[in-house]
Amino acid sequence: MHNIKPLKYVALEGLSEKQLKEHHDVLYVGYVKKSAEIEEKLKAVDVSTANATFSDLRELKMEETFALNGVKLHEGYFDNMKSGGSACSGKIRELIDRDFGSYEKWEAEFRAMGLAARGWVVLGYDLDDGKLRNVLCDSHNQGGVWNMVALFIMDVYEHAYFLDFATGRKAYIEVFFKNIDWEYVNGVVEKFHLK
């Protein structure tokens, strides 16, 4: 069972308490609960009825990745923000400059992907290639790359901003970038000893 991680802030610059509470306390918590429910149901599933068109096992395993990634993506998203943000510096800045040519090129691509994605944009470190990649995910369990560490996550589903911005995704992305906690991102880089 996954424990619910509390928010480390009440509001952020440009994101209201109401927006964050709905996103965290309702949506994220719902994924945690559903993930636990699926885990319990898997203990009793009849594997003898497994079928690729439809079976309880297939459905539970498909939804397990949706719910569990919903938990993990939201936790990364909430963790990589803080009020007022911080400057992109340290090892993550070195890696961005190395793999994208400059921070500005990376940021332009990441922001554009935020407009192109239906769900998530993730800056990940490919463990096999030893480099950073921006990844677009239209759904929690679609678009991710195996053997990649998620370093930085932006939620672009409308639920992440609708109360504060209605359909104004570009304005939301602007505010999101003002709240990036690059110190947290550097902590993830250090945790996995990324080079």
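Residues numbered from 1 in each chain as written. Predicted model: local features only at pLDDT ≥ 70, side-chain atom pairs only at ≥ 80, totals over all residues. Heavy atoms only, no water.

*Asks:* Honestly, the packing of helix H1 (residues 17-44) against helix H2 (residues 56-79) in this entry has me stumped. Any pointers?
*Replies:* A pair of packed helices can be characterised by two numbers: the angle between their axes and the separation between those axes. H2 packs onto H1 with a crossing angle of 145° between their chain directions and a minimal axis gap of 9 Å. As for the relative orientation of H1 and H2, their crossing is left-handed in sense. Looking at side-chain class alone, the contact of H1 with H2 contains 15 nonpolar, five polar and six charged residues. (Axes fitted to C-alpha atoms, helices over the stretch in contact; angles between N-to-C directions. Helix = DSSP H or I, 4+ residues; strand = E, 2+ residues; numbered from the N terminus. Left-handed = near helix turned anticlockwise from the far one by under 90°. Nonpolar A, V, L, I, M, F, W, Y, C, P; charged D, E, K, R; others polar.)

*Asks:* Which parts of the structure should I look at to understand helix H4 (residues 103-116)?
*Replies:* An α-helical turn contains 3.6 residues, so any two residues separated by three or four positions project in the same direction. Its 14 residues give H4 an end-to-end C-alpha distance of 20 Å, which sits within 8% of 20 Å, the value for a rise of 1.5 Å per residue. Looking only at H4, the buried set comprises Tyr103, Trp106, Glu107, Phe110, Met113 and Gly114. Angularly, the buried residues of H4 cover 130° about the axis, an arc narrow enough to put them on a single face. Looking at H4, the residues exposed on the side facing more than 90 degrees away from the buried face are Glu104, Lys105 and Ala116. (Expected span 1.5 Å × (residues − 1). Buried < 20%, exposed > 50% of the residue type's maximum accessible area, 1.4 Å probe, protein only. Arc of directions from axis to C-beta.)

*Asks:* How should the packing of aromatic side chains be read in this particular structure?
*Replies:* In this description, an aromatic ring pair is defined by two values, namely the gap between the centres and the angle between the planes. For the coordinates displayed, the defined rule picks out 21 aromatic pairs. Ring centres of phenylalanine 152 and phenylalanine 176 lie 5.7 Å apart, and the angle between their planes is 45°; on these two criteria the pair is classed as tilted. Taken together, the residues phenylalanine 152 in strand S3 (residues 148-155) and phenylalanine 176 in helix H6 (residues 169-178) connect sequence positions 24 residues apart. The same class applies to phenylalanine 152 and to phenylalanine 176, which are both buried. With 6.3 Å between their ring centres and 45° between their planes, tyrosine 172 and phenylalanine 176 make a pair best called tilted. Here tyrosine 172 and its partner phenylalanine 176 are both found in helix H6, four residues apart, which amounts to about one turn of the helix. Tyrosine 172 sits in the buried class, given a relative accessible area of 0%. Classification of phenylalanine 176 by relative accessible area gives buried; the value is 0%. In this structure, arginine 111 is placed above the aromatic ring of phenylalanine 177, and the distance from its NZ or CZ to the ring centre is 4.3 Å. (Phe/Tyr/Trp six-rings, centres within 6.5 Å; stacked < 30°, edge-to-face > 60°. Lys NZ or Arg CZ within 6 Å of the ring centre and 35° of its normal.)

*Asks:* Explain the pattern of salt bridges to me, please; I cannot follow it from the model alone.
*Replies:* Any two side chains of opposite charge can pair, on the condition that their charged atoms come close. Throughout the structure, instances matching the rule amount to 16 salt bridges. Note that lysine 41 and glutamate 37 form a salt bridge whose closest N and O atoms lie 3.4 Å from each other. Of this pair, lysine 41 and glutamate 37 both sit in helix H1, separated by four residues, roughly a single helical turn. By relative accessible area, glutamate 37 is classed as partly exposed at 33%. Here arginine 93 ties to aspartate 97 by a salt bridge, and the two come within 3.4 Å at their closest N and O atoms. Of this pair, arginine 93 and aspartate 97 both sit in helix H3 (residues 90-100), four residues apart, which is roughly one turn of the helix. Here the residues in one salt-bridge network are Lys34, Glu37 and Lys41, joined through shared partners. (Salt bridge = Lys/Arg side-chain N within 4 Å of Asp/Glu carboxyl O.)

*Asks:* How should the nonpolar core be read in this particular structure?
*Replies:* Proteins that are soluble and globular tend to have nonpolar side chains buried together. Ranked by internal contacts, the top residues of the largest apolar core, which has 53 residues, are Tyr77, Ile92, Ile96, Trp106, Leu151 and Tyr172. For this core, the element with the most residues is S3, which contributes six residues. The contact partners of isoleucine 92, leaving out residues within four places of it in the chain, are Leu123, Leu132, Leu151, Trp182, Val185, Asn186 and Val189. Membership of the second largest hydrophobic core comes to five residues, among which are Ile38, Leu42, Val45 and Leu60. (Core = buried A, V, L, I, M, F, W, Y, C linked by side-chain atoms within 4.5 Å. Contact = heavy atoms within 4.5 Å.)

*Asks:* Hey, could you run me through unusual backbone geometry in this one?
*Replies:* Of all residues except glycine, most have a negative phi; of all peptide bonds, most are trans. Of note, asparagine 147 is a non-glycine position whose phi angle comes to about 60°, a positive value. By secondary structure assignment, the location of asparagine 147 is in the loop between strand S2 (131-137) and S3. The phi dihedral of histidine 193 is positive, around 50°, even though this residue is not glycine.

*Asks:* Would you take a moment to explain the environment of lysine 8 for this structure?
*Replies:* Along the chain, the position of lysine 8 falls in the segment before H1. Between the C-alpha atom of lysine 8 and that of methionine 81, which follows or precedes it by 73 residues, the distance is 9.2 Å. Excluding its chain neighbours within four sequence positions, the residues that come into contact with lysine 8 are Phe78, Asp79, Met81 and Asp181. Engagement of the side chain of lysine 8 in a polar contact is seen with the backbone oxygen of aspartate 79, the distance being 2.7 Å. (Polar contact = N/O pair within 3.5 Å; in protein donor to acceptor, adjacent residues only side chain to side chain.)

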